[in-house]
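Secondary and tertiary structure notes
What follows is each chain in one-letter form.
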Amino acid sequence: MITVPVRVGIYARISSDREGDGLGVNRQLEDCRQLAELRGWRVAETYVDDDVSAYSGKPRPEYARMLNDLRTGSINGVLVYHLDRLHRQPKELEEFFEVCKDAGVDDLATVTGRIDLADPDGQFQARILGAVAKKESDDKSRRIRRKHEELAVNGKVSGGGSRPYGYEADKLTVRPVEAAVVKDCARRLLAGEPLRSIAADLNARGVASAGGGLWSPQSLRRMLASARVSGQREHKGEIVATAEWPAIITGEETATIRALLSNPARRTNRAARRYLLHGLLSCSHCGERLVARPRSGGQRRYACAKGVGFSGCGKTYVTADEVERFVTEAVLHRLDSPQLQKAVERRHRAVPETERWWQEAEAASAQLDELADAYGERLFSMREWMTAKKPIQERLTAARKQLAKATHTNALSAYVGNGAGLRAEWDSLDLSQQHAIVAAVVETVVVGPARRGYNRFDESRLTPVWER
Ligand SMILES: [Zn+2]
């Protein structure tokens, strides 16, 4: 027969609840109080430890206080929601038995059952439960990982997250109106239209994203480069299986889009590059960079822009065709100069190989995706997510910077000492390749004021500042 304790202590522990048992500490306390009332026990004390990681082995001050109260007899029974809240290690459980025995306490009640500590069977039961709890915690993260992998290789939908664009909330049924948009956007991207321009067009036409909001180039990029839209299952950035949902575009289209979007030259290429010298000219008057500013008649022109969003002086303008021709010529000459050859050799030594930074950037991106997935499945809080994201994002930014630098140098190295060869094939290069070469050679070209009444191209206005 069990001695009924009259003064019980309730012990509760805040744990991470990653498996989603949703057992907040208030719920634990509430259930224990109800049980005490039901049995006619007086709750003498409440002990709550804050322990995010169940088996971290960190000290639990409240648990220690509870043991002490048991020893001194100010409580003579313990109520706990489940045994896995009470003990983390078998050693702790044994210590608990000792304290109870010494204090003459033989009643341990849990909401899920009552354990008679005086009875060897009761102790055995407690030990088993403790061992099960420990094993569960050890296996938890492994099981979650394995579950994700299993779902992935079987082409199954992953749980959590929001509705993917082009599909219904079940993530399996195609939503025809959106599927048409996906196809159209993919076609336009493959035809060379920048993401920025496609996103702007969607927003202008009132075509909402899956969440009902505006499209950004980034969200459009994520959607179009996802393996999902071609009916493929992706895991950690890799396509691992044919998915259980239907495709909207072909797998070939997805492969081309992914190759296109992962081109580092394109990643750093924010402005439309119809202007070879975008970001490379500066104003002699105020020092600002010139921007593309065509005349109303359509003639291409660079200008020191002022007004909303610009910080220039508005005084300097230069016609694009002529300045581009001049700067290109200057760059091709420069390629054959010994100074440049030396500079490139130096930079080659200073800039570690592209591959390493590329991998670093890819790894960081994948980690961010994983984190976002885990957050989507509520494995941790928004704050934890933000905290975890920060250092990875910093690594990603650093890697991209190095990548851009290395890419510039690489763009150039093939042509150093071969300005004449490059001149022959210059027109066959696309604008972003040309831009990369010019940007690798020239830091900026300072554009001086126009001479009054002088209508022809005036090269004395241009002063190149070479990269060193
Ligand atoms: Zn200016």
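Here the structure is a predicted model, which is why all the values come from computation and not from measurement. (Residues numbered from 1 in each chain as written. Predicted model: local features only at pLDDT ≥ 70, side-chain atom pairs only at ≥ 80, totals over all residues. Heavy atoms only, no water.)

**Digging into the confidence of the model for the protein**
Selection criterion: For every residue, the pLDDT score states the predictor's confidence, bounded by 0 at the bottom and 100 at the top. Numbering of helices and strands runs from the N terminus, with a helix taken as a DSSP run of H or I at least four residues long and a strand as a DSSP run of E at least two residues long. Every residue pair with non-hydrogen atoms within 4.5 Å of one another is taken to be in contact.
Mean pLDDT over the protein works out to 77, with 76% of the residues at or above the 70 mark. Confidence, expressed as mean pLDDT per element, reaches its minimum in the protein at helix α10 (residues 264–267) with 44 and its maximum at strand β8 (residues 281–283) with 94. Contacts of residues 17–22 to residues separated by more than four positions or lying in other chains number ten contacts, the stretch itself having pLDDT below 50.

**Some points on the coordination of the zinc ion**
Put simply, the rule is: Ligating atoms shown are N, O and S within 2.8 Å of the metal, or 3.2 Å for Na, K and Ca, and water is not included, meaning a site may look less than complete.
Around the zinc ion, the protein supplies Cys283 (SG), Cys286 (SG), Cys304 (SG) and Cys313 (SG) as donor atoms, at distances of 2.2 to 2.3 Å. In primary sequence terms, the donor set of the zinc ion follows C-x2-C-x17-C-x8-C. Residue Cys286 is found in the loop between β8 and β9 (291–292), and its partner Cys304 is found in the loop between β10 (301–303) and β11 (306–307); the two are separated by 18 residues along the sequence.

**A few points about helix α6 (residues 176–190)**
Rule in force here: In this scheme, a helix's expected span is set at 1.5 Å multiplied by one less than its residue total. When accessible area is computed with a 1.4 Å probe and restricted to protein chains, residues below 20% of their type maximum are described as buried, those above 50% as exposed, and intermediate ones as partly exposed.
Here α6 is 15 residues long and its end C-alpha atoms lie 21 Å apart, about the 21 Å a rise of 1.5 Å per residue gives. Taken together, the buried positions of α6 are occupied by Glu178, Ala179, Val181, Val182, Cys185, Ala186, Arg188 and Leu189. In the segment just after α6, Gly192 is the residue with positive phi, at about 105°.

**Some points on the pairing of strand β1 (residues 7–14)**
Defined as follows: Two strands pair if DSSP finds at least two bridges between them.
In terms of residue burial, β1 counts as a mostly covered element, since six of its eight residues are buried. Note: β1 against strand β2 (residues 42–50), eight bridges, orientation parallel. Bridged to Val8 within β2 is Val43. Here four bridges tie β1 to strand β3 (residues 77–80), and the two strands are oriented parallel to one another. Across the sheet, Val8 pairs through a bridge with Gly77, a residue of β3.

**Looking at helix α1 (residues 25–39)**
Applied cut-off: Think of the arc as the fan of directions from the helix axis to the C-beta atoms.
Look at α1: 21 Å from first C-alpha to last across 15 residues, which is about the 21 Å you get at 1.5 Å a residue. Within α1, the full set of buried residues consists of Gln28, Leu29, Asp31, Cys32, Leu35 and Ala36. Burial along α1 is one-sided: seen end-on, the buried residues are contained in an arc of 165°. Those residues of α1 that are exposed and aimed more than 90 degrees away from the buried face are Asn26, Glu37 and Leu38. One or two residues past the end of α1 sits Gly40, with phi positive at roughly 75°.

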